[in-house]
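What the coordinates show
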Amino acid sequence: MRALFTNPIKTPLLSHLFSRSNFLPIRHGLSDSLLPSFLRVDSPPSFTTQRSALSMAAIPPKSPSAEEEGLARRFWIKLKRESVFAMYTPFTLCLASGNLKIDTFRNYIAQDVHFLKAFAQAYELAEECADDDDAKLSISELRKSVLEELKMHNSFVKEWGLDLAKEASINSATVKYTEFLLATASGKVEGVKGPGKLATPFERTKVAAYTLGAMSPCMRLYAFLGKEFQAFLDLNEGNHPYQKWIDNYSSESFQASALQNEDLLDKLSVSLTGEELDIIEKLYHQAMKLEIEFFNAQPLAQPTVVPLIKEHNPARDHLIIFSDFDLTCTVVDSSAILAEIAIVTAPKSDQNQPESQLGRMSSAELRNTWGDLSREYTEEYEQCIESIVPSMKVEQFNYEALYDALEQLSDFEKRANSRVIESGVLKGVNLEDIKRAGERLILQDGCTTFLSENCKE
């Protein structure tokens, strides 16, 4: 159990207290105990994992009211989990933290060149389908922005001496993504006639809307990642190796292009039926999944600790799940429920105890004892945290100090548990009582599904 008392104070992430660096280097062994529900890859003797500055920023900001939201915005909010998954792939984590190997970035640029060429072609096809002159102009501008993006990639080629001829082989994830985009832009969508058979302007505009629906998640996701990763430029004090990449996707011009794409999708979708809007949502979702597959397909020849975000292959992946329970899996502290059951089922002070319950405290005594234990826990917890938090700002990561702090915290928790056992407050609680306590526990959203799925392996 994490803590034994009502409203316990959760232990803060001590790595924040002992390091102001970009990374949290974790030695083999200690990493396992620090990272709940994480996927450990290859189990090397040392890891470099990203500080959790991303964790608080991972969920997109609060959305406007439903009346103010356009179609693309609603889809983005609905699929916000996927946007977080994209941010926590091994590739994107390493890129954001600045420790991505240059060979991996080279491969990514080569794959992205293939993708951007298909992206520009999809815009061209969408422009041909659009009936409105303003829509044609907007799509033309978006296509030009993609061509500018390709120029940035060419600058990477020159700066790092990339040979795209050698890097030219396209991987399966890139093929799936580009084929999906071009098929959509060509009208090869279920229930839609081929582009040569689109007789009416409405039918052609519908294909343009479908195409923008398949392209919007990529634009919004890159705009989102650019803004999130921008925070790491300050931490690197201008020395981030991929600053140009982050600067481009966090720039006001790219943010404006992403919004322009979404606004145009809203405009083209005004006259569509509910069934046709459902098709756009499916295309949007499929594009988001293909983007995550694209990131996951980048070859990463470096140990990385990442959240568990994909189905694992037992023959290939070495999966060890570490999870806290109280207030991580549960919404409330489970020990408080057990204590309450013990208090309720205990005999009153003026009642004769049955022979099977001789030696049990009365309910009043139990409540007083539990209150004393709770106060003692809170006081000692505060003293423990005060003793291990550095009094001065720490400039560099100190592994030994973090290790010692965790040891002290562990000793404190053991003493607290021992006091509960010695007090006898839970004496007399039987298996049925524990089952009832479990039935009353409310688990965090997704916890049961996650554990059930992994227990099948």
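A brief report on the enclosed structure follows. Here the structure is a predicted model, which is why all the values come from computation and not from measurement.

1. Regarding the state of the cysteines
Under the criterion given, the structure shown has zero disulfides. Here Cys329 is not disulfide-linked; the sulfur of Cys447 is the nearest cysteine sulfur, at 3.6 Å.

2. Quick look at the environment of Tyr88
In this structure, Tyr88 sits in the loop between α5 (80–87) and α6 (90–97). Residues Tyr88 and Val305, spaced 217 residues apart in sequence, show a C-alpha to C-alpha distance of 9.7 Å.

3. Regarding α6
Two residues of an α-helix separated by three or four positions point the same way, owing to the 3.6 residues in each turn. Within α6, seven of the eight residues are buried, leaving the element largely enclosed by the surrounding structure. At the exit of α6 stands Gly98, carrying a positive phi of roughly 90°.

4. A short note on the pattern of salt bridges
Scanning the model with the defined rule gives 15 salt bridges in all. Note that Lys176 and Glu293 form a salt bridge whose closest N and O atoms lie 3.0 Å from each other. Taken as a pair, Lys176 in helix α9 (residues 172–185) and Glu293 in helix α14 (residues 274–296) lie far apart in primary sequence, 117 residues in all. The partner of Arg375 in a salt bridge is Asp372, and the shortest N-O contact between them spans 2.4 Å. One end of the pair is Arg375 and the other is Asp372, both in helix α16 (residues 363–388) and three residues apart, which spans about a single turn. We classify Asp372 as partly exposed; its relative accessible area is 43%. Because the salt bridges share partners, they merge into one network encompassing Glu376, Glu380 and Arg419.

5. A few points about the environment of Leu259
For Leu259, the position within the fold is in helix α13 (residues 252–268). The class for Leu259 is partly exposed, based on a relative accessible area of 43%. It is 7.7 Å that separates the C-alpha atoms of Leu259 and Arg220, two residues lying 39 residues apart in sequence.

6. Topic: the packing of helix α7 (residues 102–129) against α14
For the pair α7 and α14, interaxial distance at closest approach is 11 Å and the crossing angle is 150°. In this view, α7 runs roughly antiparallel relative to α14, as classed from their interaxial angle. Contacts between α7 and α14 involve Tyr108, Gln111, Asp112 and Phe115 from the former and Glu291, Phe294 and Phe295 from the latter. Of the residues contributing to the contact of α7 with α14, the split by class is four nonpolar, one polar and two charged.

7. What to know about the environment of Val113
For Val113, the position within the fold is in helix α7. Judged by relative accessible area, Val113 falls into the buried class, the value being 9%. Separated by 38 residues in sequence, Val113 and Lys151 have C-alpha atoms that sit 9.9 Å apart.

8. A few points about the packing of aromatic side chains
Counted according to the given criterion, the structure contains 22 aromatic pairs. Ring geometry for Tyr108 against Trp245: centres 6.4 Å apart, planes inclined by 65°, an arrangement best described as edge-to-face. Of this pair, Tyr108 sits in helix α7 while Trp245 sits in helix α12 (residues 243–250), placing them 137 residues apart in sequence. Owing to a relative accessible area of 0%, Tyr108 belongs among the buried residues under this scheme. Residue Trp245 is classed as buried on the basis of its relative accessible area, which comes to 1%. Relative to Trp245, the ring of Tyr222 lies with its centre 6.0 Å away and its plane at 50°, an arrangement referred to as tilted. In this pair, Tyr222 sits in helix α10 (residues 201–229) while Trp245 sits in helix α12, placing the two residues 23 residues apart along the sequence. As far as the burial class goes, Tyr222 and Trp245 line up, both buried.

9. Brief notes about α12
If you check which residues of α12 are buried, you get Trp245, Ile246, Tyr249 and Ser250. One side of α12 holds all its buried residues, which, seen down the axis, span an arc of 115°.

10. A short note on a nonpolar patch on the surface
A contiguous nonpolar patch, built from Val331, Val332 and Ile442 and spanning about 240 Å² of accessible area, is present on the exposed surface. Looking at the element boundaries, Ile442 is found in the loop between α18 (431–440) and α19 (447–455). In this structure Ile442 comes out as exposed when scored by relative accessible area, which is 53%.

11. Observations concerning the side chain of Gln302
Turning to its location among the elements, Gln302 is positioned in the loop between α14 and β4 (305–307). A relative accessible area of 10% means that Gln302 is categorised as buried. Reaching out from Gln302, the side chain makes a polar contact with the backbone nitrogen of Lys101 at a distance of 3.0 Å. Excluding residues that lie within four positions of it along the chain, Gln302 makes contacts with Cys94, Asn99, Leu100 and Lys101.

Conventions adopted
- Residues numbered from 1 in each chain as written.
- Predicted model: local features only at pLDDT ≥ 70, side-chain atom pairs only at ≥ 80, totals over all residues.
- Heavy atoms only, no water.
- Disulfide = S-S within 2.5 Å.
- Helix = DSSP H or I, 4+ residues; strand = E, 2+ residues; numbered from the N terminus.
- Buried < 20%, exposed > 50% of the residue type's maximum accessible area, 1.4 Å probe, protein only.
- Salt bridge = Lys/Arg side-chain N within 4 Å of Asp/Glu carboxyl O.
- Axes fitted to C-alpha atoms, helices over the stretch in contact; angles between N-to-C directions.
- Parallel < 35°, antiparallel > 145°, perpendicular 65-115°, else oblique.
- Contact = heavy atoms within 4.5 Å.
- Nonpolar A, V, L, I, M, F, W, Y, C, P; charged D, E, K, R; others polar.
- Phe/Tyr/Trp six-rings, centres within 6.5 Å; stacked < 30°, edge-to-face > 60°.
- Arc of directions from axis to C-beta.
- Patch = residues over 30% accessible without salt bridge, like charges linked within 9 Å, V, L, I, M, F, W, Y side chains within 5 Å.
- Areas by Shrake-Rupley, 256 points an atom, 1.4 Å probe, with all protein chains shown as cover.
- Polar contact = N/O pair within 3.5 Å; in protein donor to acceptor, adjacent residues only side chain to side chain.

Function cannot be inferred from these measures alone, as they are strictly geometric.
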